[in-house]
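# Structural characterization, general
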Amino acid sequence: MKDLRGRVAVVTGGANGIGLGLAERFLQEGMKVVIADINEQDLARAEQSLAASGEVLAVTTDVSREDSVQSLADAAVARFGGVHVLCNNAGVGGTQRFDTVGQATWEWTIGVNLWGVVHGCRIFLPILAAQDEAYIVNTASMAGFTSGPYQATYKATKAGVVALSECLANEFEIEYPHVGVAVLSPAYTSTSIRNDERNAPPGHIPRAVADPRLNERRESVYSTLEQEGISPAEIAGMVVAGMAARKTHIFPHPQWFEAWQQRVDKVRSQL
Ligand SMILES: NC(=O)c1ccc[n+]([C@@H]2O[C@H](COP(=O)([O-])OP(=O)(O)OC[C@H]3O[C@@H](n4cnc5c(N)ncnc54)[C@H](O)[C@@H]3O)[C@@H](O)[C@H]2O)c1
C-alpha cells in the first residue's frame, strides 16, 4: 500500500509511544487518523497535540472488550466513512516470575495483547475489505520470537500475535488479496510502557509488590528501552515503508535475529 494520502488509519494505544508515533506519521502522510486508547487523559492530550497536523478523531477504547472495539469501528466509519489501515498496537506486560503472576494479571495481559488484536482484526475486516486497498499492522515484539525467562505473559501473548498475523497474511492472500497483513516486532523502543500498570484492572497485583525480587531486572529493562531504544518516529517510518513494500514482517531491530537463531538452533538440536 503505497498511496496513503486521503486514506483513514485507526491506531489503538494511540495516546502514547509507538501508537502516537504512528498517528503522527500517518497525519504527515496526509491520512485522517483515529486514535483509540483506554487512558482518557492521555488520549485528550494526544488529540490536542495531533489536531494541528490534520483530521483526528479520539475514541476512548478498551481493546480487550469486543463491544468497545465495535464502538470504535462504528465511530471511525461514522466520522470518516471507512478505514484503510488498522494498527492493533495497544499492549501491556512486563518482567515477572511465572510463579508470582496471578489470574487477574494473566487475563489482563491476554485480554489487551491477544484478544485486543483478535477483536481488531475480526471487527474491522469487513470495513477494510470494502476498500480498494487496506492493511492491518499488528504490534507484536521481538519477545514473540524469543523465549528467555521471566516474561511468560508477555512472550506467550506476543508469540500469539506473530502466529495470528502470519496466518492471516497467508489466508488473506487467498481470500482478501487487497488486504495486507504485517506484524511489527520491535525490540527496545523509547516509550512510556513502564507506566502500563496504570490501566490494569483492580485484581492485578503490581509487579513491584508481587515480585520485588525482580525489581532491579525490571528497572534495567525500562531504563535500557528509554535510554537506548529507537524512537517511535523511526518505527513509524518503517511501518510506512513496510506497507509500501507489502511486507508481512517489519523488524526494526534486525540485530536481535541472533537471539531468534539461537532458539531455532536449540529446537533443531533436539530433533
Ligand atoms: N517499548 C518497547 O520497547 C516495545 C518493544 C516491543 C513491542 N512493544 C509493543 O509496542 C506496543 C505499544 O507499546 P509502547 O511501548 O508504545 O507503550 P506505551 O505504554 O507508551 O503505549 C501503549 C498505549 O496503549 C494503551 N493501552 C493500554 N491498555 C489498553 C487497552 N486495554 N485498550 C486500549 N489502549 C490501551 C496505553 O494507555 C498506552 O497509551 C505494545 O503492544 C508493546 O507491547 C513495545
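Residues numbered from 1 in each chain as written. Predicted model: local features only at pLDDT ≥ 70, side-chain atom pairs only at ≥ 80, totals over all residues. Heavy atoms only, no water.

## As for the packing of helix 1 (residues 17-28) against helix 8 (residues 232-244)
Where we set the bar: Note on geometry: axes are C-alpha line fits, over the in-contact stretch for helices, and angles between N-to-C directions span 0 to 180 degrees. In DSSP terms, a helix is any run of H or I states spanning at least four residues, a strand is any run of E spanning at least two, and both are numbered starting from the N terminus. Convention used here: angles under 35 degrees read as roughly parallel, angles over 145 as roughly antiparallel, angles from 65 to 115 as roughly perpendicular, and any remaining angle as oblique. The handedness criterion is simple: a crossing whose near helix is rotated anticlockwise from the far helix by less than a right angle is left-handed, and one whose near helix is rotated clockwise is right-handed. Any two residues whose heavy atoms approach within 4.5 Å are treated as being in contact. Throughout, the ten residues Ala, Val, Leu, Ile, Met, Phe, Trp, Tyr, Cys and Pro are labelled nonpolar, Asp, Glu, Lys and Arg are labelled charged, and all others, Gly among them, are labelled polar.
Two numbers describe how helix 1 lies on helix 8: the axes approach to 8 Å, and their chain directions differ by 60°. In terms of orientation, helix 1 lies oblique with respect to helix 8. Viewed along their axes, helix 1 and helix 8 form a crossing whose handedness is right-handed. Across the interface between the two elements, Gly17, Ile18, Gly21, Leu22, Arg25 and Phe26 of helix 1 pack against Pro232, Ile235, Ala236, Gly237, Val239, Val240 and Met243 of helix 8. Of the residues in the contact of helix 1 with helix 8, the class split is nine nonpolar, three polar and one charged.

## Thoughts on the pairing of strand 2 (residues 32-37)
For clarity, the cut-off: Burial status follows relative accessibility: with a 1.4 Å probe on protein chains alone, a residue under 20% of its type maximum counts as buried, one over 50% as exposed, and anything between as partly exposed. One bridge is not enough; two strands pair if DSSP finds at least two bridges between them. By the criterion used throughout, a crossover qualifies as right-handed when its path from the first strand across the helix to the second strand runs clockwise, the strands pointing away from the viewer.
Among the six residues that make up strand 2, five are buried, leaving the element largely enclosed by the rest of the structure. Relative to strand 2, strand 1 (residues 8-12) runs parallel, the two sharing five bridges. Its bridge partner being in strand 2, Val10 is matched across the sheet by Val34. On the question of chirality, the crossover connecting strand 1 to the parallel strand 2 by way of helix 1 is right-handed. Pairing of strand 2 with strand 3 (residues 56-60) involves five bridges; the strand directions are parallel. Bridge assignment links Asp37 to a residue of strand 3, and that residue is Thr60. Remark: the strand 2/helix 2 (residues 40-51)/strand 3 crossover connection has right-handed handedness.

## Considering helix 1
Heads up, the rule is: To estimate how far a helix should extend, the number of its residues minus one is multiplied by 1.5 Å.
With 12 residues, helix 1 ought to run about 16 Å at 1.5 Å a step, and its terminal C-alpha atoms sit 17 Å apart, in line with that. Burial of helix 1 is extensive: nine of the 12 residues sit out of reach of the surface. If you check which residues of helix 1 are buried, you get Gly17, Ile18, Gly19, Leu20, Gly21, Leu22, Ala23, Phe26 and Leu27. Directly after helix 1, the chain includes Gly30, whose backbone phi takes a positive value near 90°.

## Quick word on the sheet that holds strand 7 (residues 249-250)
Ordered in space as 3-2-1-4-5-6-7, the seven strands form an open sheet in which the pairing is parallel. A single partner strand is all that each edge strand has here, and the edge strands are strand 3 and strand 7. Lying over the sheet, helix 3 (residues 66-80) contacts strand 1, strand 2 and strand 3, oriented at roughly 160° with respect to strand 3. Here helix 4 (residues 103-129) sits on the sheet in contact with strand 1, strand 4 (85-88), strand 5 (134-139) and strand 6 (179-184), set at roughly 175° to strand 4.

## Some details on helix 8
Taking 1.5 Å per residue as the helical rise, helix 8 with its 13 residues ought to reach 18 Å, and the 18 Å between its terminal C-alpha atoms agrees with that figure. Burial in helix 8 covers these residues: Pro232, Ile235, Ala236, Gly237, Val239, Val240, Gly242 and Met243. Check the buried side of helix 8 and you find it contacts helix 1, strand 4, strand 5, strand 6 and strand 7. Of the residues flanking the end of helix 8, it is Arg246, one or two places downstream, whose phi is positive at about 50°.

## Observations regarding the packing of aromatic side chains
Put simply, the rule reads: Planes of paired rings set the category: under 30 degrees apart is stacked, over 60 is edge-to-face and the rest tilted, where pairs are Phe, Tyr or Trp rings (Trp by its six-membered ring) whose centres lie within 6.5 Å.
Enumeration according to the criterion identifies seven aromatic pairs in this entry. Measuring from ring centre to ring centre gives 5.1 Å for Phe257 and Trp260, while their planes differ by 75°; the resulting arrangement is edge-to-face. Here the residue Phe257 and the residue Trp260 both occupy positions in helix 9 (residues 257-268), the gap between them amounting to three residues, near one helical turn. Under the relative-accessibility criterion, Phe257 is labelled partly exposed at 29%. These aromatic residues form a ring-pair network of at least three members: Phe145, Phe251, Phe257 and Trp260.

## Structural notes on unusual backbone geometry
Across the chain, the bulk of peptide bonds are trans and the bulk of non-glycine residues have phi less than zero. Phi at Tyr150 is positive, roughly 75°, even though this residue is not glycine. Within the element layout of this structure, Tyr150 appears in the loop between strand 5 and helix 5 (152-175). A relative accessible area of 28% means that Tyr150 is categorised as partly exposed. Backbone geometry places Arg246, a non-glycine residue, at a positive phi of 50°.

## Description of the site of the ligand
Note the threshold: Only heavy atoms are used to decide nearness, and a residue is near a molecule or strand if one of them lies within 4 Å of it. Here a polar contact is recorded for every N or O atom pair within 3.5 Å, except that within protein the pair must consist of a potential hydrogen donor and a potential acceptor, and residues adjacent in sequence are included only if both atoms are side-chain atoms. For the area figures, the Shrake-Rupley method with a 1.4 Å probe applies, and any residue is considered shielded solely by the protein chains shown.
Lining the immediate surroundings of the ligand are 29 residues, of which Asp37, Tyr154, Thr189, Thr191 and Ser192 lie closest. Taking Ile18, its main chain carries an N or O atom lying 2.8 Å from an oxygen atom of the ligand. Between Val63 and the ligand, the recorded distance is 3.0 Å, taken from a backbone N or O atom to a nitrogen atom. Burial of the ligand by the surrounding chains reaches 97%, relative to a free accessible area of 830 Å². Sorting the residues of the shell around the ligand by element identifies helix 1 and helix 5 as the ones contributing at least two each. The residue makeup of the shell around the ligand, split by class, is 13 nonpolar, 13 polar and three charged.

Function-wise, these values are silent; they only describe arrangement.
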